[in-house]
Amino acid sequence: MNIDIVKPAEPPARRPTWDEYFLKLAMLASERATCPRMHCGCVLVRDRYVLSTGYNGSLPGTPHCTTHGCLVVNNHCVRTNHAEINAICQATRHGITLAGGTAYVTNMPCTHCAKALIAAGIVRVVIFSDYHDTLAERFFQEAGVELERHHIPDLTIHYDLAKYSSAVAAARRPCADSPEPSPPAER
């Protein structure tokens with residue numbers, strides 16, 4: 001058996017930190033949001049493993065804001081669950097404990113979500129954006145939950161298929177639930 005060590009021709013790109021990585025995953029989750037008033041994503045992690053994800057959206061089987069409009073009470077859309085609640089519920093449905101975990105959230109949790117994260121055993125919350133009228137910071141401090149504010153991560157996904165010698169572009173076939181793919185950008 002021949003074993004070769006092949007070094008890259010150019011130095012590798014900077015790898016994101018774990019916090020940047022999980023915040024980018026939260027940003028990606030937020031793209032599934034169905035309320036136009038706010039897109040929020042949440043990724044629940046323990047020991048660098050994703051336990052659950054969530055985004056703000058309607059209850060399963062119920063109308064979405066994007067199709068039926070927002071149901072607004074006291075300036076809050078009540079048609080949707082917030083990302084943190086959906087992430088907690090997803091973990092619960094699969095029997096996953098969140099004790100000792102970290103919540104990566106695109107926005108500061110609202111008061112109710114902060115209390116739910118604390119009750120679920122989350123010990124650290126990482127955000128890059130604040131939220132209006134929330135007591136989250138107070139409840140996190142009282143409960144001993146570490147709150148970290150980071151800069152928004154790089155918005156670009158750095159993946160260059162042509163650069164990877166072992167990768168081959170897949171044939172483009174439209175999926176039943178996806179729009180026709182856009183042609184690749186010119187370089």
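Residues numbered from 1 in each chain as written. Predicted model: local features only at pLDDT ≥ 70, side-chain atom pairs only at ≥ 80, totals over all residues. Heavy atoms only, no water.

A. Region of the structure containing the sheet that holds strand S7 (residues 102-105). Read across the open sheet, the 5 strands follow the order S2-S1-S7-S8-S9; overall the sheet is mixed. Looking along the sheet, the strands with just one partner apiece sit at the ends: strand S2 (49-55) and strand S9 (146-149). Each strand axis lies, on average, 20° off the axis of its neighbour in the sheet, ignoring direction. Bridge count between strand S1 (residues 41-46) and S7: 4 bridges; the pairing is antiparallel. Bridge pairing in S7 links Val45 to Thr102. (Pairing = 2+ DSSP bridges. Helix = DSSP H or I, 4+ residues; strand = E, 2+ residues; numbered from the N terminus. Axes fitted to C-alpha atoms, helices over the stretch in contact; angles between N-to-C directions.)

B. Seen up close, the packing of helix H3 (residues 83-93) against helix H4 (residues 111-120). H4 packs onto H3 with a crossing angle of 25° between their chain directions and a minimal axis gap of 9 Å. Relative to H4, the element H3 is oriented roughly parallel. Note on packing geometry: the crossing formed by H3 with H4 is left-handed. Within the contact between the two elements, H3 uses Glu84, Ile85 and Ile88 and H4 uses Cys113, Ala116, Leu117 and Ala120. Looking at the contact of H3 with H4, its residues break down into 6 nonpolar, no polar and 1 charged. (Parallel < 35°, antiparallel > 145°, perpendicular 65-115°, else oblique. Left-handed = near helix turned anticlockwise from the far one by under 90°. Contact = heavy atoms within 4.5 Å. Nonpolar A, V, L, I, M, F, W, Y, C, P; charged D, E, K, R; others polar.)

C. Inspection of the pattern of salt bridges at higher detail. Evaluated as defined, the whole model comprises 6 salt bridges. The partner of Asp19 in a salt bridge is Arg124, with the nearest N and O atoms 2.9 Å apart. Within this pair, whereas Asp19 is found in helix H1 (residues 18-30), its partner Arg124 is found in strand S8 (residues 124-127), the two being separated by 105 residues in sequence. Here the two residues Asp19 and Arg124 agree in accessibility, since each one is buried. Here Glu137 and Arg149 are joined by a salt bridge, their closest N and O atoms 3.0 Å apart. Placement of the pair is Glu137 in helix H5 (residues 136-143) and Arg149 in strand S9, with a sequence separation of 12 residues. The class for Glu137 is partly exposed, based on a relative accessible area of 41%. Its relative accessible area of 45% is what places Arg149 among the partly exposed residues. (Salt bridge = Lys/Arg side-chain N within 4 Å of Asp/Glu carboxyl O. Buried < 20%, exposed > 50% of the residue type's maximum accessible area, 1.4 Å probe, protein only.)

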